[in-house]
Every structure is written in structure tokens, then in C-alpha cells.
Amino acid sequence: MKQFFLAFLLLLVTLPVLSLQTIRGTIVDGTTQKPIDFVNVALFKSEDTPPTTGVVTDEKGNFLLPNVPAGKYFLRVSFVGYNTLNIPLNVSNNELNVGKIKLTEDSKTLSEVQVIGQGTQMRFEIDKKVFSVDQNIAAAGGSATEVLQNIPSVDVDNEGNVSLRNNASVEVWINGKPSGLTADNRAQILQQMPAESIESIEIMTNPSAKYNPEGTAGIINLVMKRNRKAGYYGSVSAGSMWAIGSKPGFNSGVNFNYSSGPFDAYINVGYRAMNFNGGGWSDRYNLAGADTLSLLSQESQSTRSFNGLFTRAGVDYRFHDNHTIGLSGFGMIGGGSGSNDNSYQLKNFQNGQLLRDYYRLTTETGTRPGMNVALDYKWDIDDNGSNLMSSLAYSTHKRSEVEDYLQKDRLVNDSGRVEQTTNGNNREWEFKLDYTQKFSDATRLEAGWQSSVEDRFGPSSAIDRLTNLPIHSYYNEFDYSEQIHGGYLTFGSRFNKLSVQAGLRGEYFWRHPVNTVKDANGNQMQSDYEAKGDMQWFPSMFLSYSLPDNNELQLNMTRRVNRPRGRQINPFRDFSDSTNISYGNLELEPEYTSAFELNYLKSWDNHSLSSTLYHRFTDDVIQRVSYINGPTMESTFMNVTQSQSTGLELVVKNNLFRILNLTSSFNFYYNALEASTYVNPYNSSVVTTIPAQENFTWSGRLMGNIILGKNTFGQVTANYSAPRLIAQGKESSSYAIDLGLRQTFLDRNLSVNLMVRDLLDSRRRSSVTWGEGFYQQSESYFHGRMVGMTVTYNFGNMKPRKTQQREDNGGMEMDMED
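A quick note: this is a predicted structure, and the numbers were derived from the prediction, not measured.

So, how was this worked out
Residues numbered from 1 in each chain as written. Predicted model: local features only at pLDDT ≥ 70, side-chain atom pairs only at ≥ 80, totals over all residues. Heavy atoms only, no water. Helix = DSSP H or I, 4+ residues; strand = E, 2+ residues; numbered from the N terminus. Phe/Tyr/Trp six-rings, centres within 6.5 Å; stacked < 30°, edge-to-face > 60°. Buried < 20%, exposed > 50% of the residue type's maximum accessible area, 1.4 Å probe, protein only. Core = buried A, V, L, I, M, F, W, Y, C linked by side-chain atoms within 4.5 Å. Contact = heavy atoms within 4.5 Å. Pairing = 2+ DSSP bridges. Salt bridge = Lys/Arg side-chain N within 4 Å of Asp/Glu carboxyl O. Axes fitted to C-alpha atoms, helices over the stretch in contact; angles between N-to-C directions. 1 Å grid on protein atoms, 1.4 Å probe; cavity = no way out; pocket = protein on both sides within 12 Å on 5 of 7 lines; lining within 4 Å. Points joined across faces, edges and corners; volume = space filled by probe spheres on them. Nonpolar A, V, L, I, M, F, W, Y, C, P; charged D, E, K, R; others polar.

1. Topic: the environment of Thr31
Within the fold, Thr31 resides in the loop between β1 (20-29) and β2 (40-44). Separated by 71 residues in sequence, Thr31 and Lys102 place their C-alpha atoms 8.4 Å apart.

Rendered as C-alpha cells:
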């Protein structure tokens, strides 16, 4: 790898240097002469080709287009309510300053203007891929979960767990911040978050040292909608979603934005009520050496219902030309209920004799309220773009669940009933300070500090419903405290066609878990684990080289971490499945990953290609492992081994026949897990060896958007995942198809969206696992085929904004250029 890296750097240095120039200017109102921000400025080779590059103006009306090869172009300047300008340009070997460009108001009303087209589903940036949610017709009326299921390289399983490039160690943020989302609560938060409240999704597979190094796979950032044009703007929506075989659900939402003078304010409210069905089966063969002793067969049917209100609101006040303060937050309330009916049969494998025949009915109710509030400040230091930003955020997420287990043995006519109560309260304070010094258009220095303090408290208990006596073995009280303090420094510069950014982040991580259980007499026994502190360094390096004819090479290297938390370390024993009890492991250590990516970008008139060759090496890989304890299988998490993965990710965009837009993505990867061993904690003489495993697999996703008429749009999304490797087995292939149709009316102020998700009812998970004393096959599904309709009406009196601050927290910026 070192030889490859040195050779690549030598190649970059020795490539011929071609001249690239910068185009700059200022957009002003032709009548008032005041600057206008958020004006679209795009550079074209010709009228029938896509733009070569484009930006929007800043709060002072300025724009800058870097890295423009010499040649003839025309500059298109457009904004709602103004006449569009097309200005011919001749870019030579010198920087081109077009000066002030005056826009005149359009005398025509918007109702007289007819536009037929659709926005792009995805765009490439130097450090991330950005996917527009507005163009995802098939997710209309759904949740953030359904949106993520249609994003290339992102996978969401039946329980709502999110993974990126087949790696579950991924961070999910809201507007560039963690916002209290954890692996334990984000499945529920994403399910309650309406898709209509999301503007775009940013995928960052190798973030720089400026950002939190958590998540070895990278960061998924949800950018929430917020229209900041002057005046007021809003929308109302209502719809229904029906999972086949269950009761229809309902969704509704209201969005309102207001901007006037130094104030910007917004509020978004969404309500969702859904009903789902699920189920599955498993066959576990209990082994003794080469002999099969017994077969445990299980079948399950489940139902789940939930309803919740999700609210976002915020206000910004610009109390000085260069100073802005803002207060924002989100909150959610609601609850859910469900039932799971499991039927078990244990048979002697040799003669078929029925040894046990019983069923277990689980009913549950629960609530998961939560909120996040943030106070932000920004100081625009100079006209170059230097600034200082600070943020203080507080989040709290609570959980309260009551589960009732009724189990009956049909052979001996015996029964038992247990009620288990589980609560949780996560609280976190986070402070961030970010400073950016731009020495020129090509050079910038960034430095910052981030501190977070988090407490998690999770008590659980149970009673025997037949005797009303407490069950002491079910009692568990987990109290967890954590602090992270870190600082970073990055420096980036552009040398003609070569852009370089290097950074280093240092983090001190401290944690202190305390766990309390009860003995057989009900006496509390506290395990106060030693508080641990650890200092780690996370370097990053980004190189980008522009080649002729719209070609670009990028190389980046980072170090990242996956720190175990929540259910991975909580010793709480989950008895929801009496044949498979799971719990956390407080002895888990963080896993560290070194990641390398080589990107190649190429664009044509109607096509673009992004190819990424990546390699990741991970120490102390955390995997779920299972072992036999008498008649029961138990599962926990362990640091089992080291892993390596090498892959090639291809993303292709094609605009065909002016009416069809295709976005295709493919991920081909090789994964290898080294051999490992672990000891059965209930029988130290049983040592299980997991042999070294390796496999090659792939996944693909295709999204097609088609214009069917002036106001009619359709969408087809299809995805496929080939079988892939896990620690003690493999997961089988999976595939799914989604459909969407959008019809607009009243000059596109009213839209009707129809969708069918999982058209073939194929979104299922099946796997094969094995270990010392067992071999198991299983399959599960959740909600299956769904159909829905959502109606949305937009209203408002949006006007061009003469002076206005830019959006600071909606998206994450990490490149070296404006």
C-alpha cells in the first residue's frame, strides 16, 4: 500500500499542468442595486448540454466558479421573479471578473410560465454524494426509513438498522449534528420522521478530521427542508399508507417558513400512524459432533402499530451585518403496540419423536418521546469567507416499554406468564466551536473543538403474573456515563489543478459503566466497573487532481472508530424469544478502521460516472456470536477478529431522450474475516473456533425517473444484494422493486403521489448460521408490500431576498473550494 501511495503521488506531480481559471462576480437588483443571495449561477458550453459547473450567490450577492478550463462559455443567471440572463464568456489564461450583473424583475406572473422537467436525483461533490428527496416519488408519504432504503450503498433491515456499504458502523446525523441519535433509538426516530420534512441526504464515506470519527463506514447526514426566501412559504399534505394484510395508516403534515428583515423562522409538523404485519421461521439443528440430536422449529406471526407527532422549529436573528444567532430544535411524542405469536416444536431428529410443543404470545406497549434543542452563533469575519461558528445543544430521548410473555406447553398442559418493564433515559450536552480562516480562494485553515457529555440510565424488572411476585433474575439497572473531548486542525490549498487537504483530530474518550442486578433473595449487587480514559489520534488526507475533458481523480485516507454503546454493552437480558436470549458485553473494546479511497469522476454532456476503489482494514471487529446453554441459545457481542474489505463502487447517471433520467449504482466487494476463537462462558471446556472466511459479493440499485407528460412523472426503483458473509455464517440474497407516480395540478402547486413499495413482496431476510453444537436456518419479513397515496398543496408569496444570511447547518462542507 505504501508503494502504491508513493507511486500515485509521483504520478500527480509529474502530470502536465494545464491552466484552470476562476470566474467571479456579484448579482444585484437592477432597481435597488442591492445584492441578491441564493441566485442560481451556472456555466454552460452550449444550450443543449448540462452545466459544466454552478453555484448560488452568498448573502452579499457574490459568486465564484473555480477550476474552469480555458474556452468559450455562456453564463446563465436565474432567480424566481427575475428575468434570466445568458451572458457569453471567453475564459483565457487570466482570472475573469464579470463585475456587477443586474437582474430586472420579470413582469410575467409565475402562472404564465410553463416548465416541463424534473430535478436531478443525485449530484457529486468532492467529499460526498448528495441525493434529493424531492425527486424520490416512491417515498412520498413515507418515513425517513423508506427514503434511506432507496439510497445507493445504504441498507435498512427489517428492524430498522442502517448500514452503509454492508457495514452497520455508520453515523446518522440531522443537519450536520448527531442530535442524540444512537444505534438504540435511531430506528424509531427515523420511522417517525416524515419523508416530506427531508430536503436531501448526504453520504460521506470518508469524512475528514474536521468531523467526529465515529462510524467506521462513514456518515449519513439528513438535511432538513428550510426555504429561506423572503416572505412566507408553506405546504400541507395528507395521505394514507396500507401494508397489505393490515389496517391502513394515515399521515399528514404542515410546513411553514417566514422570512422578513433580520428574522427567519420555520416550523414543520408531521403526524404518522402506521400498522404492519411481519413474521418468520427458523430451524435449529442441535449437534453432538457429527450427529444431529434434535431439531427445533419455530414459526412466528407479528403485528405492530404506532403513531407519533414529529415537530421541528427554529428562528434565526441577524442582529448585525456579520453576526447571526439561532435557536432550533425538534421533538417527537407518540407510542406503539404490538404482538408476536411464536410456535415451537422440538423433535428427536433420529426418530421424529415430539419432545416439546409450546407457543409463546408476546404483547407489548411503549412510548419513546425525545427532543433536541440547539443554540447557534455565527460571525462572518471578512469578505473572503472566514467565519467563527459555535453551537450548544442538549438532547434527551426516553423509552418506556412493557412486555407481557404468555407461554403454554401443549404436551404437559403447563403455562407461565411474565411481565417485563424496561425504561431508559439518554441525556447529552454537546458544545462545538469551529473557526475557518480563508487566506484566498484557494487556501483555507480550519480549527475547532468539540465536547460531549452523555448519561444513559436503563432500569428493567419483571414480575410473575401468576404469583405477582418479582423475578429477581430479570432485574437489571444499567447506568452509563461518557465524555468525549476533541480538537482538530485542517489545512487545504489548491495548486492549479491539484487540491490538497490534510488534517489531524485528537480525541479523549472516557466512560464509566455501573451495573446492578439482584440475587435470588432480591438483594442488590452492584458492579462498579473501573472508569477508563483513552486518547486517540485520527489523521486524514484528501488529494484531488483535475484532468482534461471533465475528468477528476481523488485520493483520501482517514482513520475512524466504532465505540460500542447501548445494547452492545448493556448486560440486560432480553427474554422476548425464550429460545434465543441476547445481552450485551461490557468487556467490548472499540474497533478501529483505516480507510483508503481512490475516486475517479468523469462527466459527459448527458452522462456522468463516479467510480470509487476502497480498502478498509479493521482491528477488534465487533460481531454477534451465539452459543448453546443447555436447551437455549444465547447471543452477545464480542471482539472476534480482524477484517479487510476491498471494493469497487460505481455510480452512473444517464439522461436519455430528454425524458428519462437513470441513476445506477453497483458495489462489488471482497470481504475477509480472519480466524478467531471464543469460550462458552457457561462451559469453559467448550472452545469454539470460527475459521477464516472470505467471499466476494455485490449489490446493485437502479432508479429511473421518466417524464410521462407536462405534469406527470413516474419512477421505478429496483435493488439486489447478493449473498454476503457474517461472523458465524452468511446472509442470503435479497431484492425489491418500488414504483411511484406523481401528477401535478394548479401550476404545480398541487401534487398527487401514488406509490407501491416492495411490489414483489420480496423484501425478506434469510440467513444460515453455525457454531459449536448448532446449525440454524432462518428467514424474517416485516410489513411486505405497501401501497399509498399522498396529496400535497404548496402556498406562499416567496420573493427574492435582497439581504439574507446563508444556511449554515443544513449541509456539511468539507472541500477546499467554494
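2. Thoughts on the packing of aromatic side chains
Counted by the stated rule, this structure contains 15 aromatic pairs. Both rings, one in Phe666 and one in Phe668, keep their centres 6.3 Å apart while their planes meet at 15 degrees; by these two values the pair is stacked. Exposure remark for Phe666: the relative accessible area of 33% places this residue in the partly exposed category. Take Phe668: its relative accessible area is 29%, and that puts it in the partly exposed class. Seen in terms of ring centroids, Phe668 and Trp698 are 6.2 Å apart; in terms of plane orientation they differ by 25 degrees. Their pairing is stacked. Linking Phe668 in strand β35 (residues 660-673) with Trp698 in strand β38 (residues 693-709), this pair joins segments that are 30 residues apart in sequence. Among the aromatic residues, those joined into a ring-pair cluster are Phe666, Phe668, Trp698 and Tyr720.

3. Quick word on the nonpolar core
Leu148, Val162, Met193, Ile201, Ile220 and Leu222 are the most contacted members of the largest nonpolar core, which has 28 residues in total. Listed by contribution, the elements that provide at least two residues to this core are α2 (144-148), β10 (154-156), β11 (162-164), β12 (170-174), α3 (186-192), β13 (198-204), β14 (218-224) and β19 (323-348). Residue contacts for Leu222: discarding those within four places in its chain leaves Leu148, Val172, Trp173, Ile174, Asn175, Leu190, Met193, Ser200 and Ile201. One finds Leu89, Val91, Ile101 and Leu103 within the second-largest nonpolar core, a separate group that totals 19 residues.

4. Focus: the pairing of strand β15 (residues 231-243)
Both β15 and strand β16 (residues 249-260) contribute to a ladder of 11 bridges, which runs antiparallel. Residue pairing for β16: Ala238 is matched across the bridge by Ser252. The turn linking β15 back onto β16 is made up of five residues, and Gly245 within it adopts a positive phi angle of 100 degrees. The pairing of β15 with strand β46 (residues 786-796) spans 11 bridges and is antiparallel. Looking at β46, one finds that Trp242 is bridged to Val787.

5. Some remarks on the pattern of salt bridges
According to the stated counting rule, one finds 24 salt bridges in the structure shown. Glu214 serves as the salt-bridge partner of Arg565, at 2.8 Å between the closest nitrogen and oxygen. One end of the pair, Arg565, is in the loop between β30 (551-562) and β31 (580-582); the other, Glu214, is in the loop between β13 and β14, and 351 residues separate them in sequence. A relative accessible area of 17% means that Arg565 is categorised as buried. The class of Glu214 is buried, set by a relative accessible area of 3%. When the shortest N-O distance is used, the salt bridge between Lys378 and Asp380 registers 3.4 Å. When sorted by exposure, Lys378 lands in the same class as Asp380, which is buried. Several salt bridges share partner residues, and in doing so they unite Glu214, Glu482, Arg505, Glu507, Arg563 and Arg565 into one network.

6. Remarks on the sheet that holds strand β6 (residues 85-91)
Note: strands within a sheet are paired through backbone hydrogen bonds, in either parallel or antiparallel orientation. The strand order across the open sheet formed by four strands is β3-β2-β5-β6, and the pairing between neighbours is antiparallel. Strand pairing shows two members of the sheet lacking a second neighbour, β3 (53-56) and β6, which therefore form its edges. Taken over all neighbouring pairs, the strand axes of this sheet differ in orientation by 20 degrees on average, direction set aside. Bridge count for β2 against strand β5 (residues 71-78) is five bridges, and the pairing is antiparallel. In the strand pairing of β5, Ala42 is matched with Arg76.

7. As for the side chain of Ser645
Tracing the backbone through its elements, the reader meets Ser645 in strand β34 (residues 632-656). Beyond its immediate sequence surroundings of up to four residues, Ser645 is in contact with Tyr614, His615, Arg616, Tyr670 and Asn671.

8. Details of empty space enclosed by the protein
Enumeration according to the criterion identifies 16 cavities of 30 Å³ or more in this entry. In terms of lining, the second largest cavity is formed by 30 residues, of which the most central are Val154, Asp155, Arg701, Asn719 and Ser721. Those elements that provide at least two residues to the lining of the second largest cavity are β10, β35, β38, β39 (712-721), β42 (734-745) and β44 (764-771). Of the residues contributing to the lining of the second largest cavity, the split by class is seven nonpolar, 14 polar and nine charged.

9. Some thoughts on the side chain of Ser665
Position of Ser665 among the secondary structure elements: in strand β35. Overall, Ser665 belongs to the buried group, its relative accessible area being 5%. Beyond its immediate stretch of four places on either side in the chain, Ser665 contacts Pro152, Leu650, Val651, Ser699, Gly700 and Arg701.

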